[in-house]
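Fold and geometry: a report
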Amino acid sequence: MSKKIALVTGITGQDGAYLADLLLSKGYEVHGIKRRSSLFNTERIDHIYHDPHDEDQRFVLHYGDLSDSTNLIRIIQQVQPDEIYNLGAMSHVKVSFDTPEYTANADGIGTLRLLEAVRLLNLVKKTKIYQASTSELYGLVQAVPQSETTPFYPRSPYAVAKLYAYWITVNYREAYNMFACNGILFNHESPLRGETFVTRKITRAVAKISMNLQSKLYLGNLDAQRDWGHAKDYVEAMYLILQQETPEDFVIATGVTTTVREFVRLAFAEVGIEITFKGKGENEKGYVSGSTNPDFLLPVGSEVVSVDSKYFRPTEVDLLIGDPTKSNEKLGWKPKYDLKALVKEMVAADVELFQREKLLKDSGYQIKNQFE
Ligand code: NDP
Ligand code: GDR
């Protein structure tokens, strides 16, 4: 049998990088769409990228954008993919309140453009489509745990755009018999997670604070509860969804929920720092209440976490907890990582990252500060 061909939008993102690794390990030829940017933006996939002059290319990048129909049509016509994974999106919920129109275009209409391209090119029978849907669709809590049948109530321009993408995927499946599926994925994280999402923001700050490179971490809503898994487990589910006999939608989640506050506590514990929280809402703070870290200089009682209301969202999603029964039973999917293992891996990766920076600083080099 000839090798399968996959096309991945959002290949330069967290999930794109893990999915490309997975598909290559399964013998696929992988094509990815990357955006032109003024700086290199392929850091997450550089380890699999080969000199384009080499022969036998199994990993190919194309310039493109989900806002450009003709570009998508041309790439799909050229690649003739067996599977398309639509992971490209403006994926930051808070930023979507600042860029609602762009978010609707890329995340909502972008999905329509891909579906239409497959239809126009007469690839409906050949090409299967995975749509990166999200637990943000549930938004304002209607019922928990959230499953494939829980009603949606989106709470951000991002979630509303993704709601359109969800339904247009269902509609093309029903109207044109397309093999098009939604994976309703709950939050998933990793050392490759974007630096402004809360888990990575926390693990980076914890690493820096433990090395005396930063003194404080500012966060928004500490009460928010999320069902956090590992991206490596979640891309396996994406693949499995497209290998089923019939196209269906699946919730992918761990079934365990945790507050942002508890994530902070677990992350500090990884570097031997104990944190206690005092106060409420905007006045809540986290203090050092103990330390077994011999290199940590701040004394017990130091304030290392503070709430800044600038990180609050105009409308928040308070509680997400997924019911993965269908994916457990039909896909045979079960996550390998639990939250503790996830936090451990993320903190260890950021400690390693900042050890390099500390070395430079200790040698007299100026290091750049990046805050969010
Ligand atoms: P990232 O933000 O890490 O990656 C998003 C990717 O989309 C990047 O490659 C980005 O390119 C690309 N992109 C952004 N805008 C466009 C555009 N207009 N045209 C083409 N590509 C674009 O997200 P994740 O990897 O975390 O998530 C993957 C997908 O899954 C997203 O659609 C997200 O909304 C969804 N999702 C994510 C969850 C999570 O917890 N991670 C949970 C549920 C759904 P560039 O690198 O140039 O910015
Ligand atoms: P989310 O992820 O909005 O769930 O979307 P994010 O990590 O941004 O926020 C999770 C929760 O933490 C609270 N929070 C903060 N968030 C950020 N980013 N920065 C802070 O300082 C901060 N303080 C508290 C937030 O209010 C929120 O409640 C992610 C994205 O990957 C989406 O693309 C995806 O669809 C969903 O997960 C499932």
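The protein chain is annotated in an unreviewed UniProt entry as GDP-mannose 4,6-dehydratase from Mucilaginibacter pankratovii. Database annotation for the protein chain, UniProt heading Catalytic activity (unreviewed entry): "GDP-alpha-D-mannose = GDP-4-dehydro-alpha-D-rhamnose + H2O". The record held by UniProt for the protein chain lists under Function (unreviewed entry) the comment "Catalyzes the conversion of GDP-D-mannose to GDP-4-dehydro-6-deoxy-D-mannose."

Quick notes on the sheet that holds strand 14 (residues 285-291)
Read across the open sheet, the four strands follow the order 8-15-14-13; overall the sheet is mixed. Each having just a single partner strand, strand 8 (217-219) and strand 13 (273-278) make up the two edges of the open sheet. The average angle at which neighbouring strand axes cross in this sheet is 25°, direction not considered. Bridge count for strand 8 against strand 15 (residues 303-307) is three bridges, and the pairing is parallel. From the neighbouring strand, Leu219 faces strand 15, where its bridge partner is Val307. Docked against the sheet, helix 8 (residues 260-270) engages strand 8, strand 13, strand 14 and strand 15, running at close to 155° with respect to strand 13.

Remarks on the packing of helix 4 (residues 100-120) against helix 5 (residues 157-176)
Close contact between helix 4 and helix 5 brings their axes to 8 Å; oriented N to C, the two are set at 15°. By the angle class used here, helix 4 and helix 5 are roughly parallel. By crossing handedness, the relation of helix 4 to helix 5 is classed as right-handed. Packed against helix 4, whose contacting residues are Pro100, Thr103, Ala104, Asp107, Gly108, Thr111, Leu112, Leu115 and Arg119, the element helix 5 presents Pro157, Tyr158, Ala161, Lys162, Tyr164, Ala165, Ile168, Thr169, Tyr172 and Tyr176 at the interface. Of the residues in the contact of helix 4 with helix 5, the class split is twelve nonpolar, four polar and three charged.

Procedures and definitions
- Residues numbered from 1 in each chain as written.
- Chains lettered and ligands numbered in written order.
- Predicted model: local features only at pLDDT ≥ 70, side-chain atom pairs only at ≥ 80, totals over all residues.
- UniProt positions renumbered as here; feature names shortened; annotations may be inferred.
- Pairing = 2+ DSSP bridges.
- Helix = DSSP H or I, 4+ residues; strand = E, 2+ residues; numbered from the N terminus.
- Axes fitted to C-alpha atoms, helices over the stretch in contact; angles between N-to-C directions.
- Contact = placed C-beta atoms within 7 Å.
- Parallel < 35°, antiparallel > 145°, perpendicular 65-115°, else oblique.
- Left-handed = near helix turned anticlockwise from the far one by under 90°.
- Nonpolar A, V, L, I, M, F, W, Y, C, P; charged D, E, K, R; others polar.

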